[in-house]
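Results of the structural survey
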Amino acid sequence: MPRLKQVRSPLPRDTGRAIVISASSLLRILAAFIVLAMPLQARAATDIALWHAMSGELGRQLEKLAADFNASESDYRIVPAYKGNYTETVTAAIFAFRSRSQPAIVQVNEVATATMTAAKGAIYPVFTMMRDMNEPFSLGDYLPAVSGYYTDAAGNLLSFPFNSSTPILYYNKTMFRDAGLDPETPPKTWPELGLAAKRMRERGAVCGFTTSWPSWIHIENFSAFHNLPLATRTNGFAGLDAELTINNPVVVQHIAQLAEWQKDKVFDYGGRGQSAEPRFQKGECGIFIGSSATRADIKANSKFDIGYGMMPYWPDVKNAPQNSIIGGATLWVLRDRPRAEYKGVARFFAYLSQPGVQAAWHQNTGYLPITRAAFELTRAQGFYERNPGSAISFEEITLHQPTENSKGIRLGSFVLIRGAIEDELEQAFTGQKGAQAALDAAVERGNKLLRQFERASPDR
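Residues numbered from 1 in each chain as written. Predicted model: local features only at pLDDT ≥ 70, side-chain atom pairs only at ≥ 80, totals over all residues. Heavy atoms only, no water.

So, on to the overall build of the protein chain. Helices and strands together make up the secondary structure of the protein chain, namely 20 helices and nine strands. On C-alpha atoms alone, the protein chain measures out to a radius of gyration of 30 Å, which is more than a quarter above the 23 Å that the 2.2 N^0.38 rule sets for 460 residues. With the principal axes as the frame, the protein chain shows a C-alpha extent of 135 × 55 × 35 Å. Here the protein chain holds 460 residues, and 53% of them are scored as buried. Within the protein chain, contacts between residues separated by at least 24 positions form 77% of all contacts whose residues are at least 6 apart in sequence. Both charge centroids of the protein chain, one from 49 positive and one from 44 negative side chains, sit 11 Å from each other. (Helix = DSSP H or I, 4+ residues; strand = E, 2+ residues; numbered from the N terminus. Rg over C-alpha atoms; globule rule 2.2 N^0.38 Å. Buried < 20%, exposed > 50% of the residue type's maximum accessible area, 1.4 Å probe, protein only. Contact = heavy atoms within 4.5 Å. Lys, Arg positive; Asp, Glu negative; His and termini not counted. Charge placed at Lys NZ, Arg CZ, Asp CG, Glu CD.)

Mapped onto the elements of the fold, S457 is located in the segment after α20 (435-456). Beyond its immediate sequence surroundings of up to four residues, S457 is in contact with A118 and L240.

Right, let's talk about helix α3 (residues 86-98) for a bit. Counted at 1.5 Å a residue, the expected span for α3 with its 13 residues is 18 Å, and the 19 Å between its end C-alpha atoms agrees. Listed as buried for α3 are T89, V90, A93 and A96. Along the long axis of α3, the arc covered by the buried residues comes to 125°, so they all point the same way. Set apart from the buried face of α3 by more than 90 degrees, the exposed residues are T87, F95 and R98. In this structure, the buried residues of α3 make contact with β1 (46-52) and β3 (105-109). Looking at where α3 begins, the residue whose side-chain oxygen comes 3.1 Å from the main-chain nitrogen of T87 is N85. Backbone geometry just after α3 places R100 at a positive phi near 60°. (Expected span 1.5 Å × (residues − 1). Arc of directions from axis to C-beta. Polar contact = N/O pair within 3.5 Å; in protein donor to acceptor, adjacent residues only side chain to side chain.)

Turning our eyes to something else, we now look at helix α9 (residues 214-225). Of all the 12 residues making up α9, 12 are buried; the element is thus mostly covered by neighbouring parts of the structure. Count one or two residues on from α9 and you reach N227, which has phi positive near 55°.

Attention now moves to the nonpolar core. I105, M129, I255, F349 and L352 are the most contacted members of the largest nonpolar core, which has 103 residues in total. Filtering out sequence-adjacent residues up to four positions away, M129 remains in contact with Y124, V333, Y342, V345, A346 and F349. Of all hydrophobic cores here, the second largest spans 12 residues; its members include W51, A96, A112 and M116. (Core = buried A, V, L, I, M, F, W, Y, C linked by side-chain atoms within 4.5 Å.)

Attention now goes to the packing of aromatic side chains. Taken as a whole and assessed by the stated rule, the structure comprises 25 aromatic pairs. A centroid spacing of 5.0 Å and a plane angle of 35° characterise the contact between F375 and Y384, whose relative ring orientation is tilted. Comparing F375 with Y384 shows no difference in burial state: the two are buried. Judged by centre distance (3.6 Å) and plane angle (5°), the ring pair of F375 and F394 falls under stacked. Of this pair, F375 sits in helix α16 (residues 372-380) while F394 sits in helix α18 (residues 392-397), and the two are 19 residues apart along the sequence. An aromatic cluster is present here, built from F69, F137, Y142, F160, F348, F349 and Y351 joined pairwise through their rings. (Phe/Tyr/Trp six-rings, centres within 6.5 Å; stacked < 30°, edge-to-face > 60°.)

Its place among the elements puts N70 in helix α2 (residues 56-72). Distance from N70 to C285, taken between C-alpha atoms, is 45 Å for residues 215 residues apart in sequence. Setting aside residues no more than four positions away along its own chain, N70 makes contact with Y76, R77 and I78. At 2.8 Å, the side chain of N70 forms a polar contact with the backbone nitrogen of I78.

The tally for this structure, following the rule as stated, stands at one disulfide. A sulfur-sulfur separation of 1.8 Å characterises the disulfide bridge that pairs C207 with C285. Where C207 bonds to C285 through sulfur, the torsion about that S-S bond is close to 130°, and the disulfide is right-handed. In this pair, C207 is assigned in strand β6 (residues 207-211) and C285 in strand β7 (residues 285-291), connecting sequence segments 78 residues apart. (Disulfide = S-S within 2.5 Å.)

Strand order in this open sheet of five strands is β2-β1-β3-β9-β4, and the pairing throughout is mixed. Strands with a single pairing partner mark the edges of an open sheet, and in this sheet they are β2 (76-82) and β4 (160-165). Going across the sheet, the axis of each strand differs from the next one's by a mean of 20°, ignoring polarity. Sheet analysis places β3 next to strand β9 (residues 327-333), joined by five bridges and oriented antiparallel. Each bridged residue has a counterpart across the sheet, and for I105 the counterpart in β9 is V333. Each of β1, β3, β4 and β9 touches α3; the most contacted strand, β3, lies at about 140° to it. Of the strands in this sheet, β1, β2, β3, β4 and β9 touch helix α14 (residues 339-352), which is tilted by about 60° from β1. (Pairing = 2+ DSSP bridges. Axes fitted to C-alpha atoms, helices over the stretch in contact; angles between N-to-C directions.)

Looking at the largest pocket, its volume works out to about 910 Å³. Every residue lining the largest pocket is counted, 35 residues in all, and those nearest its centre are Y86, W213, Q274, G328 and Y367. Elements with a contribution of two residues or more to the lining of the largest pocket: α2, α3, β4, α13 (295-301), β9, α15 (355-365) and α19 (414-429). Here the element with the most residues in the lining of the largest pocket is α19; it accounts for four residues. Grouping the constituent residues of the lining of the largest pocket by class yields 12 nonpolar, 16 polar and seven charged. Counted as a void, the second largest pocket has a volume near 650 Å³. In terms of lining residues, the second largest pocket is bounded by 28 residues, among which V90, I94, T115, M116 and A119 are the most central. Within the lining of the second largest pocket, the residues separate by chemical class into 21 nonpolar, six polar and one charged. (1 Å grid on protein atoms, 1.4 Å probe; cavity = no way out; pocket = protein on both sides within 12 Å on 5 of 7 lines; lining within 4 Å. Points joined across faces, edges and corners; volume = space filled by probe spheres on them. Nonpolar A, V, L, I, M, F, W, Y, C, P; charged D, E, K, R; others polar.)

Here you go:
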């Protein structure tokens with residue numbers, strides 16, 4: 001029987017052991033990977049809902065702001081959601097709160113501040129939240145004319161200033177030249193504005209000047225700029241029992257002058273909201289007073305050189321000009337969300353306060369910077385030099401330290417009150433009522449709304 005040859009394995013003798021060792025090593029590597037991955041999974045970013053009222057380009061800028069924050073942050077993610085205009089957004093938040101599906105953050109326009117403040121069980125004051133979340137926060141970093149609108153009687157910040165604007169003056173330099181006016185010198189007072197507007201009318205202008213937002217400009221900001229109270233009780237900051245005082249002699253004289261100018265189209269009323277703005281863009285009216293936040297839109301749609309100036313004032317009024325007040329909106333934090341979300345909200349607000357972030361928001365949207373540091377950075381970057389007129393709003397709102405009359409307004413149901421005021425202004429501009437009668441009626445109607453709000457408030 002032939003002897004069998006021993007066949008030598010082509011594999012080394014310790015191959016089996018090597019395979020076992022390799023498998024064991026692989027298992028250890030996989031186990032280590034799983035251990036390392038577990039904390040990452042546990043720390044998945046917490047989503048934070050932000051309901052807002054910004055559409056179009058402003059909406060895109062807000063989306064970019066949120067995306068930039070999210071890219072800088074691994075623990076929290078801001079999720080913006082457009083909910084319609086301001087009224088629709090607040091209404092949606094109220095209904096959501098009732099069903100316990102409210103967002104952590106909601107954007108609310110400035111005139112609804114008193115309404116939000118009264119809903120104490122629903123809001124988480126910003127100063128309290130920042131303290132509770134151990135996030136560094138100093139009210140002194142923010143512009144008093146902006147932050148002051150959203151503080152309580154003790155000076156504590158209730159909501160976070162976000163998109164703030166103020167009225168400024170725009171004028172058509174071409175029409176100024178044609179009328180023999182200095183195109184580099186905007187009118188500073190109402191008498192100067194009246195003369196300039198009359199001169200342009202004489203040279204064939206359809207109208208001398210027009211304005212947007214009638215109550216915001218001719219009542220609310222007019223009062224602040226002339227250091228006049230809009231209402232008792234520190235414009236409502238000191239209590240719900242405030243009453244309107246807009247039928248005072250200075251405001252009556254101003255509205256009477258506008259009504260007189262209306263007869264010859266030196267002033268031509270252009271409607272509520274922003275409806276008058278296109279008349280300036282088309283070259284019908286030589287001067288326009290409107291929101292500083294529409295500057296980019298006006299520049300893009302006007303085919304002439306534009307000049308800029310502060311709001312005019314009556315030179316015979318003591319302490320004028322004072323400072324203008326803001327419009328726009330703020331970010332309110334709602335109660336009954338998980339603590340992790342509030343930590344993220346506090347982190348987001350701290351991020352929004354950074355000079356670089358604020359400067360970019362200011363430059364890209366036309367809204368005011370909420371901190372002086374953001375303004376100084378914008379100036380250092382040469383933005384104001386490259387964009388004449390873009391610093392006017394900041395200079396106007398910081399012209400003087402705000403007084404009790406120029407800090408802002410804290411009146412309940414002010415959206416409805418503003419509507420009543422504009423009803424009566426239209427009566428005056430069309431000659432159906434005298435200025436005194438119109439403003440008396442506005443005060444009567446407005447005070448009725450204030451009393452209704454007071455009775456409905458839990459703190460009355």
